[in-house]
Amino acid sequence: MRIVNTPMPRFPIIAELDGVRAIAVLIVFVSHLGPLHNLVPGGLGVTVFFFLSGYLITSLLRVEAGNTGKIDLIAFYVRRSFRIFPPLYITLALSGLLLSLGLLTVQRLDIGSVLSQIGFLSNYERLWGPHAGLPGPPLWSLAVEEHFYLIFPFVFGLALMRLTSRTAAIACAAACLIPLLARIGHLAVGHDITLNYFFSHTRADSILAGCALALFKNPALDVNGWRPSIWQFGLGIALILGAALVRNPIFAEVFRYTAQGVGLYIVFAFILTPNRITSPLLLMPWLRWIGRVSYSVYLFQIIAIKLAERFLP
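By convention here, each chain's residues receive numbers from 1 onward along its written sequence. Since the coordinates come from a predicted model, pLDDT governs what is reported: local features require at least 70, and pairs of side-chain atoms require 80 or more to be given and counted, while whole-chain, interface and lining totals use all residues. Excluding hydrogens and water, the side-chain values take into account all heavy atoms of the structure.

A. Representation of a nonpolar patch on the surface within the structure. Every patch collects residues that have over 30% relative accessible area and no salt bridge, joining them within 9 Å if they carry like charges and within 5 Å if they are nonpolar side chains (Val, Leu, Ile, Met, Phe, Trp, Tyr). For accessible areas, the Shrake-Rupley method is used with a probe of radius 1.4 Å. Any residue's cover is judged against the shown protein chains and nothing else. Salt-bridge detection follows one rule: a side-chain nitrogen of Lys or Arg within 4 Å of a carboxyl oxygen of Asp or Glu. Together, Leu-177, Leu-181, Ile-184, Leu-187, Ile-250 and Phe-255 make up a nonpolar patch on the protein surface, roughly 510 Å² of accessible area in all. What counts as a helix is a DSSP run of H or I of at least four residues, what counts as a strand is a run of E of at least two, and both are numbered from the N terminus. Elements that contribute at least two residues to the nonpolar patch include exactly helix H7 (177-188) and helix H10 (249-271). Counting through the fold element by element, Leu-181 comes out in helix H7.

Shown next, in the form of structure tokens:
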């Protein structure tokens, strides 16, 4: 049965996902603390955010297409703009103010770099020069997401929602090969593969993996949703952590995100159904609170760390 015009239940509020957001942002935050930078895999937190974003947004698009027979693209972009832009630009303005007051410092400030931050191009800025923008939010990851969502809702509305959920999920899984091939291609031609970490065309598979879970046997939407066993959950954790800890540069910058995508697919399918293993942790009130403000924490963390380094050495 095609996704379009197939009635769906309203996507439920999944409290455990607040805990997931909190863990992801804490991983990123701790990795930015000087002494722990090389010990904590901050990139794992970003990858979790990518997967979660793909899962949630695609689940909501699937519900909308099933119940209304269409996707309201204007409403989608308006909602996203109101959610993403105000906190981001407030943080950048605050960074500029603190810089002008001398409370933050940079070696060099380039107007082109600032414009790339404002225009969600900071992840590709490294192609034409060193980053010289405002100190503050790690905007490369937001750029990856914004580039993805400039395209994906159109693809979903034109093609994916007219397929069966199984076929649409297979299409998203197959599309994960494109970023992987791009990373392999960069390796083959001698490209600086450390830049694979930042580019939209080399990181989109982390989002697409979440899209695939949302489309077929979604534990939160489908009666026959996939619910992994405990040993499968353990395998997923092993894939995620094992891939994060491998230091081989070729694996890290080419194959790591593929392995983590598979692991996250399993782990998310497990935690989306309340259970006695992950739910008690993810539902802790203080963790859920951090999860609810995780976007603001993610934006402000670098500024907070730099201010702490200045005033609390």
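After that view, the rundown keeps rolling.
B. Region of interest: the state of the cysteines. Count a disulfide wherever a pair of cysteine sulfur atoms falls within 2.5 Å. Summed over all chains, the structure comprises 0 disulfides. Of all cysteine sulfurs, the one in Cys-211 lies closest to Cys-172, which takes part in no disulfide; the gap is 5.1 Å. Only protein chains enter the accessibility calculation, which uses a 1.4 Å probe; a residue whose area is less than 20% of its type maximum is buried, one above 50% is exposed, and one in between is partly exposed. Look at Cys-172 and you get buried, because its relative accessible area is 3%. The thiol sulfur of Cys-176 is not disulfide-bonded, and the nearest other cysteine sulfur, from Cys-172, lies at 7.4 Å. Classification of Cys-176 by relative accessible area gives buried; the value is 16%.

C. Spotlight on unusual backbone geometry. Phi is positive for Asn-5, close to 60 degrees, though the residue is something other than glycine. The topology assignment puts Asn-5 in the segment before helix H1 (16-31). Owing to a relative accessible area of 53%, Asn-5 belongs among the exposed residues under this scheme. Backbone geometry at Phe-120 places phi at a positive 60 degrees, although glycine is not the residue there. Inspection of the secondary structure puts Phe-120 in the loop between helix H4 (111-118) and helix H5 (139-158).

D. Structural view of the pattern of salt bridges. One pass over the full model with this rule turns up 7 salt bridges. Between Arg-288 and Asp-18 there is a salt bridge, with its nearest N and O atoms 3.3 Å apart. With a gap of 270 residues between them, Arg-288 in helix H12 (residues 285-292) and Asp-18 in helix H1 connect regions that are remote in the sequence. On the accessibility criterion, Asp-18 (11% relative accessible area) is buried. Between Asp-205 and Arg-183 there is a salt bridge; the shortest N-O distance is 2.9 Å. Note that Asp-205 is positioned in helix H8 (residues 200-215) and Arg-183 in helix H7, a separation of 22 residues in sequence. One salt-bridge network, in which partners are shared between bridges, spans Asp-18, Arg-21, Arg-288 and Arg-292.

E. Representation of the nonpolar core in the model. In terms of nonpolar packing, the biggest core is built from 70 residues, with Tyr-55, Phe-156 and Phe-268 touching the most fellow members. Considering each element in turn, this core owes the most residues, 13 residues, to helix H2 (residues 42-68). Contacts were defined at the residue level, with two residues in contact if any of their heavy atoms lie within 4.5 Å. Sequence-distant contacts of Tyr-55, defined by excluding residues within four places in its chain, comprise Phe-11, Ile-14, Gly-210, Cys-211, Leu-213, Ala-214, Asn-218, Ala-220 and Leu-272. Formed by 15 residues, the second largest nonpolar core is a distinct cluster that contains Leu-92, Leu-104, Phe-120 and Leu-299. We call a set of buried residues a nonpolar core when its members are Ala, Val, Leu, Ile, Met, Phe, Trp, Tyr or Cys and they connect through side-chain atoms within 4.5 Å of each other.

F. Broad picture of the environment of Leu-264. Looking at the secondary structure, you find Leu-264 in helix H10. Remark: the alpha-carbon pair of Leu-264 and Gly-236, spanning 28 residues in sequence, is separated by 6.5 Å. Not counting the four nearest positions on each side in its chain, Leu-264 is found in contact with Thr-47, Val-48, Phe-51 and Ile-240.

G. Molecular detail of the environment of Ile-111. If you trace the backbone, Ile-111 turns up in helix H4. Sequence-wise, Ile-111 and Leu-134 are 23 residues apart; in three dimensions their C-alpha atoms are separated by 9.4 Å.

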